[in-house]
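Inside the fold
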Amino acid sequence: MKAWQWDKPIPMVQALTAFLFGGDWITNSSWQDFYGVVPLLTGSLMIAIIALVIALPLSVAAAIYTNQFASPREQELIKPFIEFIQAIPSVVLGFIGISVVGDLIKETSNVAWLQWIPGFPVQERLNMFNAGLLLALMAIPTMFSLAEDAIQNVPRAFSEASEALGATKLQTVFRVIFPASLSGVFAAMLLGLGRIIGETMVVLLVAGNRIAIPDFSDGIGTVFQPAHTLTGIIAQELGEVSKGSSHWQALFMVGILLFTISLFINFVSRKVVKRFQLPKI
């Protein structure tokens, strides 16, 4: 502290290291502001994992049933219904999360016979699980459409050969068709992850906006803690800062980091599809 000089420039490497590995995001401090991205990145990743755990099984199961087992009449009902979810504005979903889902989670957590669940009773109705649940709902249409396309693109010769060998419909679907479409399903998961990571309004409204690294000592119950995200901090603070200030530059760096993550996810998904693409028959 005695050696610190307020007018001495901070080296770029030191500033970048403090940003990427810092655990504090403190603004409007009377002494010194801190812009560490770790709490925001942790919150974004936690919410994305929660959303994927919920959305991926539902999307893939719906895609398999719709493509392989549903009748044409059922397909006409299922596909428009799932795609309609994508038309719901994110601010409406955020309002639902505040007024309905958050209260429902908190009331359910107070039920006596559910107290064995880690994190129950929930202290904050606005938390990562609430945000992840709504983001899963938003990601399902994207993941469903891409997974259904991947299953549809499996050559018909695969299923015909399986059935010719005496396999049942279930065996053909789960031992031939689905394994052959895994690359497309994985790409659907990655693109759904990109959709989740880039969402702003829902997490800003229902994630709780607490800038702190979650307390992982709670185990699975950590998901019921509030958190802040990369997208949420930009939406919340960008309109209040002076252009060119340190705070503005920190938010700009958050945007660059978010763009890099999204670009990397899309790059990996394209590589996966190209690497495991089935030959045309």
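The rules behind each value
- Residues numbered from 1 in each chain as written.
- Predicted model: local features only at pLDDT ≥ 70, side-chain atom pairs only at ≥ 80, totals over all residues.
- Heavy atoms only, no water.
- Helix = DSSP H or I, 4+ residues; strand = E, 2+ residues; numbered from the N terminus.
- Buried < 20%, exposed > 50% of the residue type's maximum accessible area, 1.4 Å probe, protein only.
- Contact = heavy atoms within 4.5 Å.
- Areas by Shrake-Rupley, 256 points an atom, 1.4 Å probe, with all protein chains shown as cover.
- Lys, Arg positive; Asp, Glu negative; His and termini not counted.
- Charge placed at Lys NZ, Arg CZ, Asp CG, Glu CD.
- Axes fitted to C-alpha atoms, helices over the stretch in contact; angles between N-to-C directions.
- Parallel < 35°, antiparallel > 145°, perpendicular 65-115°, else oblique.
- Left-handed = near helix turned anticlockwise from the far one by under 90°.
- Nonpolar A, V, L, I, M, F, W, Y, C, P; charged D, E, K, R; others polar.
- Salt bridge = Lys/Arg side-chain N within 4 Å of Asp/Glu carboxyl O.

So, about the overall build of the chain. A count of helices and strands for the chain gives 11 helices and two strands. In the chain, the succession of α and β elements from N to C terminus is α-β-β-α-α-α-α-α-α-α-α-α-α. C-alpha extents for the chain along the principal axes are approximately 80 × 50 × 35 Å. With 281 residues in all, the chain has 39% of them scored as buried. Within the chain, contacts between residues at least 6 apart in sequence are counted, and of these 73% link residues at least 24 apart. Only carbon and sulfur atoms are counted for the fraction: they give 65% of the accessible area of the chain, which is about 16100 Å². Considering the chain, the positive charge centre built from 17 side chains and the negative charge centre built from 18 side chains are found 10 Å apart.

Between helix H6 (residues 156-164) and helix H7 (residues 169-180), whose axes approach to 10 Å, the crossing angle comes to 155 degrees. Viewed along their axes, H6 and H7 adopt a mutual orientation that is roughly antiparallel. Here H6 runs over H7; the crossing is right-handed. Of the residues in H7, those in contact with Phe 158, Ser 159, Ser 162 and Glu 163 of H6 are Thr 172, Val 176, Ile 177 and Ala 180. Taken together, the residues of the contact of H6 with H7 sort by class into four nonpolar, three polar and one charged.

Applying the stated rule across the entire model yields five salt bridges. The salt bridge partner of Glu 148 is Lys 79, with a shortest N-O separation of 3.6 Å. Here Glu 148, found in helix H5 (residues 128-152), pairs with Lys 79, found in helix H3 (residues 72-85); they are 69 residues apart in sequence, far enough to count as distant. Given a relative accessible area of 8%, Glu 148 falls into the buried group. One salt bridge connects Arg 156 with Glu 160, and the closest N-O pair in it is separated by 3.2 Å. With Arg 156 and Glu 160 both in helix H6 and four residues apart, this pair spans about one turn of that helix. Under the relative-accessibility criterion, Arg 156 is labelled exposed at 62%.

Read these as geometric descriptors, not functional statements.
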